[in-house]
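Each chain, written out:
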Amino acid sequence: MKAGSNLEKVLSAGHFALTSELGPPKGNDIGVIRKKVDFLRGNVDAVNVTDNQTAIVRMSSIAACSFVIQMGMEPVMQMVCRDRNRIAMQSDIFGASALGIHNIVCLTGDHHMFGNQVNAKNVHDLDSVQLIDMVRNMRDNHTLLGGEDKIEGDINMFIGGAANPFADPFEFRALRAAKKAAAGMDFIQTQCIYDMNRFREWMRMMRDLGVHEKVHILAGITPMKSAGMARYMAKNVSGIIIPDALIDRMAKAQKGADEGIKICVEQIQELREIEGVHGIHLMAIEWEHMVGRIAEEAGLLPRPQVA
Amino acid sequence: MIKAEQKPVDELISYLEPYNKILLSGCGACVTVCHSGGEKEVALLASCLKMARNNRGKNLEIIEMTPARQCEPEFALELAEIITGVDAVLSLSCGVGVQTLARNFNTTVIIPGVNTVFMGETIAHGIWEERCQACGNCILEKTGGVCPIARCAKQLLNGPCGGSSQGKCEIKRETDCAWQLIYDRLKSLGQLAKLSEMIPAKNWGTESRDKGPRKIIREDLTI
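Counting restarts for each chain: residues are numbered from 1 in the order of the written sequence. Following the order in which they are written, the chains are lettered starting with A and the ligands numbered starting with 1. Only residues with pLDDT of at least 70 get local features here, since the model is predicted, and only at 80 or more are side-chain atom pairs given and counted; chain-wide, interface and lining totals rely on the full set of residues. Remark: hydrogens and water are excluded; side-chain values derive from all non-hydrogen atoms of the structure.

1. A word on the sheet that holds strand β7 (residues 127–132) of chain B
The pairing of strands in a sheet happens through backbone hydrogen bonds and is either parallel or antiparallel. All names here are of chain B. Test applied: Strands pair, by our definition, only if DSSP identifies at least two bridges between them. Secondary structure elements are defined from DSSP: runs of H or I of at least 4 residues count as helices, runs of E of at least 2 residues count as strands, and each element is numbered from the N terminus. To obtain an axis, a line is fitted to C-alpha atoms, over the contacting stretch when the element is a helix, and the angle between two such axes runs from 0 to 180 degrees between their N-to-C directions.
If you trace the three strands from one edge of the open sheet to the other, you get β1-β6-β7, paired in antiparallel fashion. Among the strands making up the open sheet, the edge pair consists of β1 (2–6) and β7. Adjacent strand axes in the sheet meet at a mean angle of 70° when their direction is disregarded. In terms of strand pairing, strand β6 (residues 114–124) meets β7 through five bridges, oriented antiparallel. What sits directly across from G120, in β7, is E130.

Have a look at this one:
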């Protein structure tokens, strides 16, 4: 065991993992966290707590993770390179580890022009590959970046990263994941998958590079709430591809939400059959109350208990 | 070269409010090339400022000069005599030239007339684009001659983020993704293997915020 988190145990024992996502409040109202945790507890193995996603100011991931632990769930702390330099990141990782956070997902971070602080100065002192390398080094060698100073204590972090098979240049996407794996990534959560053919092709490339044997790949999915949402995402969100057939299916459905969930469940079954896919990362954005239903219908409940 | 853009006339007029006689100094180097502060722009702006001031019922006397390179003290000092006779200097050189005047004429107000924007190249007539941020530690050998520090909105050193789509950056549809350019270039050079090597955390310590203004001292050239 590298970190001993529940997520690591579930994956190491060969179970098909399920993670989800929780956006902290746009303020200090921890009732928002409690409500989401109540929907998710017991239905997933761990929950990603986002770090000012889409550059909208929210409660810090580290603080929200700490509340998630108090509320009886295991968090995965997301950390983006946009807002902190290497001093702040290492300091926050010390603090997170001491607070009992044992999963981290190292991300570049959405560009700040999409958020509510467009005049900010972004940081990007490290990129996500360098961040993964730094955390691995803190955990395995007990040293800070570029330094010989020994860290006091153990930084037990199960290290995750992201991959987007739907961004370009496509041929580079598996290579980039391999680079992250070489830097020390233990698991991947992918961007939302709708284009199954392209995902299969990416997985083939991942297998050719042997990445699937080095890291656990969790396939990312987001249930569509309506045809309108599907169209909006297809048109406006860079790096997301939604095939027309899926949008048509949503448009023709009598109840869009039910159809979205049905599609999501079918996707889970399909993804489960792909060699190298070890779990699902279910990003039900502001739809946390549907996670239990989706997990149930996909046959992913009850979640395994690994000692 | 350094690229700059003229500040709006209203802004300049507000800075010039207390003064009746100014030197409008251009620069014969970079700002001449990018048409923001050469001899021609000095003449045009001088007319413009005089008219704007006349509209406010006040005269503005403007002496025009364009030294070859305002950032070189030997050229800047050519302005010395004129500067003693004016209330202020409006400089159309880049921020470097403004500071050269400020350092050499310590009792004269020096007002910047342009915004210095970036170091870049000419893409087409009238179009310039940023290419270098003078990070002091060039990595172009690793990236096929395309700089991700100047050209990637996140300054990523190990490949494109998830927002690269069909060759374009998510922040602006007309902006090329720097990493797509790097990928294409390394592919055509037969150097794709370079993309698998991790570029380690960069030493940003070459920037002024880290060690104060950077300085080059060439012992062989100093007197």
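2. A word on helix α6 (residues 170–183) of chain A
Residue and element names in this part refer to chain A. Rules: To estimate the expected span of a helix, subtract one from its residue number and multiply by 1.5 Å. Partly exposed describes any residue whose relative accessible area lies between the buried limit of under 20% and the exposed limit of over 50%, with all areas from a 1.4 Å probe on protein chains only and scaled to the type maximum.
Compared with an ideal rise of 1.5 Å per residue, which puts 14 residues at 20 Å, α6 spans 21 Å between its outermost C-alpha atoms and is within 8% of the ideal. When you tally the buried positions in α6, you get 10 out of 14 residues, the bulk of the element. G184 sits one or two residues past α6 and shows a positive phi near 125°.

3. So, unusual backbone geometry
Cis geometry marks the peptide bond from D168(A) to P169(A), where omega comes out at -10°. Relative to the assigned elements, P169(A) resides in the loop between β5 (158–163) and α6. At the junction of L301(A) and P302(A), the peptide bond is cis and its omega measures out at -5° in the coordinates. Along the chain, the position of P302(A) falls in the segment after α12 (291–297). Phi angles above zero are rare outside glycine, and H35(B) is one such case at about 55°.

4. Examining the environment of M113(A)
The following threshold applies: Only heavy atoms matter for contacts: two residues are in contact if any of them lie within 4.5 Å across the pair.
Assignment of secondary structure puts M113(A) in the loop between β4 (103–107) and α5 (128–140). By relative accessible area, which is 35% here, M113(A) ends up partly exposed. Along the backbone, M113(A) and D168(A) are 55 residues apart, and their C-alpha atoms lie at a distance of 21 Å. Ignoring anything within four residues of it in the chain, the contact list for M113(A) reads V118(A) and I171(B).

5. Re the domain arrangement of chain B
Heads up, the rule is: Note that domain bounds follow an automatic or database assignment of domains.
Partitioning chain B into domains gives domain 1 (2–118) and domain 2 (133–207). Taking only C-alpha atoms into account, the centre of domain 1 of chain B sits 37 Å from that of domain 2 of chain B.

6. Some words on the interface of chain B and chain A
Keep this limit in mind: Once two parts are brought into contact, the accessible area they lose, counted with a 1.4 Å probe and summed over both, makes up the buried area. In what follows, salt bridge is the name for a side-chain nitrogen of Lys or Arg lying within 4 Å of a carboxyl oxygen of Asp or Glu. N or O atoms within 3.5 Å of each other form a polar contact, as long as, within protein, one can give a hydrogen and the other can take it, and as long as residues adjacent in sequence are counted only when both atoms are side-chain atoms. Classes in brief: Ala, Val, Leu, Ile, Met, Phe, Trp, Tyr, Cys and Pro nonpolar; Asp, Glu, Lys and Arg charged; the others, Gly included, polar.
Facing the 28 residues of chain B at the interface are 32 residues of chain A. When chain B packs against chain A, the two sides together hide about 2600 Å² of surface, and 53% of this comes from carbon and sulfur. On inspection of chain B and its partner chain A, the count reaches zero salt bridges. Where chain B touches chain A, the interface holds 21 residue pairs in polar contact (both at pLDDT 80 or more). Where the side of chain B that touches chain A is concerned, the elements lending two or more residues are β8 (164–165) and α8 (178–188) of chain B. Class assignment for the residues of the side of chain B that touches chain A results in 13 nonpolar, nine polar and six charged.

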